[in-house]
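Read off the chains here:
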Amino acid sequence: AALVLAAVILAGAFPASAAPLNTEDPDLGLDCVSAILMEADTGTVLYEMNADEALPPASVTKVMTLLLVMEAIDRGVMDYDTVLTTSTRASKMGGSQIYLKEGEQMSVDELLKSLTVASANDAAVALAEHLCGSEEAFVAKMNERAKQLGMENTNFENTNGLDDTTVNHVTSARDIALMSCELLKHDLIYNYTTIWMDTIRDGAFGLTNTNRLIRFYKGATGLKTGSTSKAKFCISASAERDGLGLVAVIMGSPTRDVRNAAAASLLDFGFANYAFLQKESEAQAGIPVKGGVKNTLSTVSEGFSQVIDKGADKKLTAETVLPESVAAPVKKGDKIGEIIYKTDGVELGRADIVADEDIEKISFFTLLPRMFKTMIGAKRG
């Protein structure tokens, strides 16, 4: 029989919210072809409009380029101080660029800064060629990674989003959000995406962020803009307030200002209506152990996170359910019980409570000394 050890009202313990989520999409009047709003940590979709249509993304393509570069750095393939030499091809990129010259050397740090802040196409190609030997080989990795992330309406043909010669270089708002959330898992990317103005080449070349939200939107953390005549104006805009991280994707807006206003409206909607509930892992009650070398098992709850409607934290409850005892042997990590989170009586989710140690089954050779110790203690008493 399970023993309910606690059912505690957690008023004020978590951000304001409610469950289940209000999924009725309002008419936000967004002037664009497609849009989506996604919570960055869990991938919860909070709003969508035509989110699966495959469309040209322009320089928002570079979110995937950045993701592969950050993952390569994590693997130790290169680091921020690695110096790359510009190829002929990289030096001939058009569109947004930092005007790399053939043979010019530049660090990964400065190339990343140029790519995220100034949307430099030549920097994207230089990084791609260094990692995979050619842009084509890098693009193959981009498409492979897209499949791994579940990006079902994506096909990349280059690293930068230039589409004057492409045949089917497309992605969707949902797919952009997926790769954006993955990129945001790399904390060091914020060192670049939050820059408003900076320089490279020892101060000789100035950079200004193409994402105006970085300067004008409270909590903005990135991420990437793009525009071409085919794609019109696109953005993957990330922001965070009070522990809630959001990614708003806008595709196919008629102007830069309309695009930025649409992204801001979408983010405003998210912050006004939702919050992020997070419970860290913590020690739970000890459980009696039958037939073990120890009499009590220490337990710990796993972390729990969820997007919830704003304003219902006062209705949030946590019910801890654990058995009266467990039988040895027990392995660390074995599920012992769970915490059931509810809001206004509706279940929001569950977090497992697991064993925090190994406890072996008691053997005759372990039991015998215990028996002698007990007998001696009884005689002395």
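Preceding this paragraph is the structure being described.
All figures in this text were calculated on a predicted structure; none of them were measured in a lab.

K.L.:
Break down the overall build of the chain for me, citing the residues and quoting the values.
P.N.:
When helices and strands are tallied, the chain shows 10 helices and 18 strands. By the burial criterion, 50% of the 381 residues in the chain qualify as buried. Excluding contacts between residues fewer than 6 apart, the proportion of contacts in the chain whose partners are at least 24 apart in sequence is 67%. Split by element, the accessible area of the chain, about 17,600 Å² in all, is 50% carbon and sulfur.

K.L.:
Can you tell me about the packing of helix H1 (residues 62-74) against helix H6 (residues 173-183), naming the residues and giving the values?
P.N.:
H6 packs onto H1 with a crossing angle of 30° between their chain directions and a minimal axis gap of 9 Å. Taken as axis vectors, H1 and H6 run roughly parallel relative to one another. Two packed elements cross with a definite hand, and for H1 against H6 that hand is left-handed. Contact residues: H1 offers Val63, Met64, Leu66, Leu67, Met70 and Glu71, while H6 offers Met179, Ser180, Glu182 and Leu183. Of the residues contributing to the contact of H1 with H6, the split by class is 7 nonpolar, 1 polar and 2 charged.

K.L.:
Break down the sheet that holds strand S10 (residues 244-253) for me, with residues and values.
P.N.:
Read from one edge to the other, the open sheet built from 5 strands follows the order S3-S2-S10-S9-S8, with strand pairing classed as antiparallel. Of all strands in the sheet, those bounded by a partner on one side alone are strand S3 (45-49) and strand S8 (220-228). Looking at each pair of strands side by side, their axes are set apart by 5° on average, direction ignored. Relative to S3, strand S2 (residues 34-39) runs antiparallel, the two being bridged by 4 bridges. Its bridge partner lying in S3, Ile36 is registered against Glu48.

K.L.:
Can you tell me about the layout of surface pockets, naming the residues and giving the values?
P.N.:
Volume-wise, the largest pocket comes out at about 300 Å³. Looking at the largest pocket, it is lined by 18 residues, and the ones nearest its centre are Ala40, Asp41, Tyr190, Glu240 and Gly245. Tallied by class, the residues present in the lining of the largest pocket amount to 8 nonpolar, 5 polar and 5 charged.

K.L.:
Can you explain helix H5 (residues 135-148)? Please cite residues and give values.
P.N.:
Taking 1.5 Å per residue as the helical rise, H5 with its 14 residues ought to reach 20 Å, and the 20 Å between its terminal C-alpha atoms agrees with that figure. Residues Glu135, Phe138, Val139, Met142, Asn143, Arg145 and Ala146 constitute the buried set of H5. Taken around the axis of H5, the buried residues stretch over an arc of 160°, which confines them to a single face. Exposed residues pointing more than 90 degrees away from the buried face of H5 are listed as Lys147 and Gln148. On the buried face of H5, the contacting elements are H1, helix H2 (88-91), helix H4 (121-132) and H6. Just past H5, the residue Gly150 takes up positive phi, approximately 80°.

K.L.:
Now, about the pattern of salt bridges: what can you tell me, with residues and values included?
P.N.:
Oppositely charged side chains are able to pair whenever their charged atoms sit close together. What the rule picks out here adds up to 16 salt bridges. Between Glu48 and Arg174 there is a salt bridge, with its nearest N and O atoms 2.6 Å apart. On the criterion of sequence distance, the pair formed by Glu48 in strand S3 and Arg174 in helix H6 is long-range, its members being 126 residues apart. The exposure class assigned to Glu48 is partly exposed, which follows from its relative accessible area of 32%. Close ionic contact of Glu135 with Arg89 constitutes a salt bridge, the shortest N to O distance being 2.9 Å. Note that Glu135 is positioned in helix H5 and Arg89 in helix H2, a separation of 46 residues in sequence. The buried category is assigned to Glu135, whose relative accessible area is 4%. Note on Arg89: relative accessible area 36%, which makes it partly exposed. Three or more residues are tied together by salt bridges with common partners; here these are Lys335, Glu338, Glu347, Arg350 and Asp352.

K.L.:
Report on the packing of aromatic side chains, specifying residues and quantitative values.
P.N.:
The tally for this structure, following the rule as stated, stands at 6 aromatic pairs. Ring geometry for Phe304 versus Tyr341: centroids 4.5 Å apart, planes at 20°, classification stacked. Note that Phe304 is positioned in strand S14 (residues 304-309) and Tyr341 in strand S17 (residues 335-343), a separation of 37 residues in sequence. Note on accessibility: Phe304 and Tyr341 belong to one class, buried. By the ring-pair criterion, three or more aromatic residues cluster together here, those being Tyr47, Phe269 and Tyr274. In this arrangement the basic side chain of Arg201 is found over the ring face of Phe205, its NZ or CZ atom lying 5.2 Å from the centre.

K.L.:
An account of the state of the cysteines is needed here, citing residue identities and associated values.
P.N.:
Across all of its chains, the model carries 0 disulfides by this definition. Cys32 provides the cysteine sulfur closest to Cys234, a residue in no disulfide bond, and the two sulfurs are 9.4 Å apart. On the basis of relative accessible area, Cys234 is assigned to the buried category, the value being 0%.

K.L.:
How would you sum up the pairing of S2? Please name residues and give values.
P.N.:
Among the 6 residues that make up S2, 6 are buried, leaving the element largely enclosed by the rest of the structure. Side chains of S2 alternate between two faces, with Ser34, Ile36 and Met38 and Ala35, Leu37 and Glu39 buried alike. Both S2 and S10 contribute to a ladder of 6 bridges, which runs antiparallel. Across the sheet, the residue bridging to Glu39 is Leu246, located in S10. Counted between consecutive antiparallel strands, the loop separating S2 from S3 contains 5 residues, among which Gly43 sits at a positive phi close to 75°.

Conventions we followed
Just so you know, the residues in each chain are numbered from 1, in the order the chain's sequence is written. Totals for whole chains, interfaces and linings use every residue, but because this is a predicted model, local features are given only for residues with pLDDT of at least 70 and side-chain atom pairs only at 80 or more, for both listing and counting. Water and hydrogen atoms play no part in the side-chain values, which are based on all heavy atoms of the structure. Helix and strand labels come from DSSP, where a helix needs a run of H or I of at least four residues and a strand needs a run of E of at least two; each type is numbered from the N terminus. Only protein chains enter the area calculation, which uses a 1.4 Å probe; residues under 20% of their type maximum are buried, those over 50% are exposed, and those in between are partly exposed. Pairs of residues are marked as contacts when any of their non-hydrogen atoms sit within 4.5 Å. Areas reported here follow the Shrake-Rupley algorithm with a probe of radius 1.4 Å; residue values treat only the protein chains shown as occluding. Axes here refer to lines fitted to C-alpha atoms; in helices the fit is confined to the stretch in contact. Angles between the N-to-C directions go from 0 to 180 degrees. We call two directions roughly parallel when the angle between them is under 35 degrees, roughly antiparallel when it is over 145, roughly perpendicular when it lies between 65 and 115, and oblique otherwise. Note: crossing handedness is left-handed where the near helix turns anticlockwise from the far helix by less than a right angle, and right-handed where it turns clockwise. When residues are grouped by polarity, Ala, Val, Leu, Ile, Met, Phe, Trp, Tyr, Cys and Pro land in nonpolar, Asp, Glu, Lys and Arg in charged, and all others, Gly among them, in polar. Paired strands, in this sense, are two strands between which DSSP finds at least two bridges. Space inside and on the surface of the protein is sampled on a 1 Å grid over the protein atoms alone, with a cavity defined as a set of points where a 1.4 Å probe fits but cannot get out and a pocket as an open set with protein on both sides within 12 Å along at least 5 of 7 lines; lining residues have an atom within 4 Å of a point. Grid points are joined across faces, edges and corners, and a volume is the space filled by probe spheres set on the points. A helix is expected to reach a length of 1.5 Å times the quantity of its residues less one. By construction, the arc corresponds to the directions joining the helix axis to the C-beta atoms. Salt bridge criterion: a side-chain nitrogen from Lys or Arg within 4 Å of a carboxyl oxygen from Asp or Glu. Pairing of aromatic rings covers Phe, Tyr and Trp, the last counted by its six-membered ring, and requires centre-to-centre distances within 6.5 Å; plane angles under 30 degrees mean stacked, over 60 mean edge-to-face, and any other angle means tilted. Two thresholds decide whether a charge sits over a ring: the Lys NZ or Arg CZ must be within 6 Å of the ring centre and within 35 degrees of the ring normal. Two cysteine sulfur atoms form a disulfide, by the criterion used here, when they sit within 2.5 Å.

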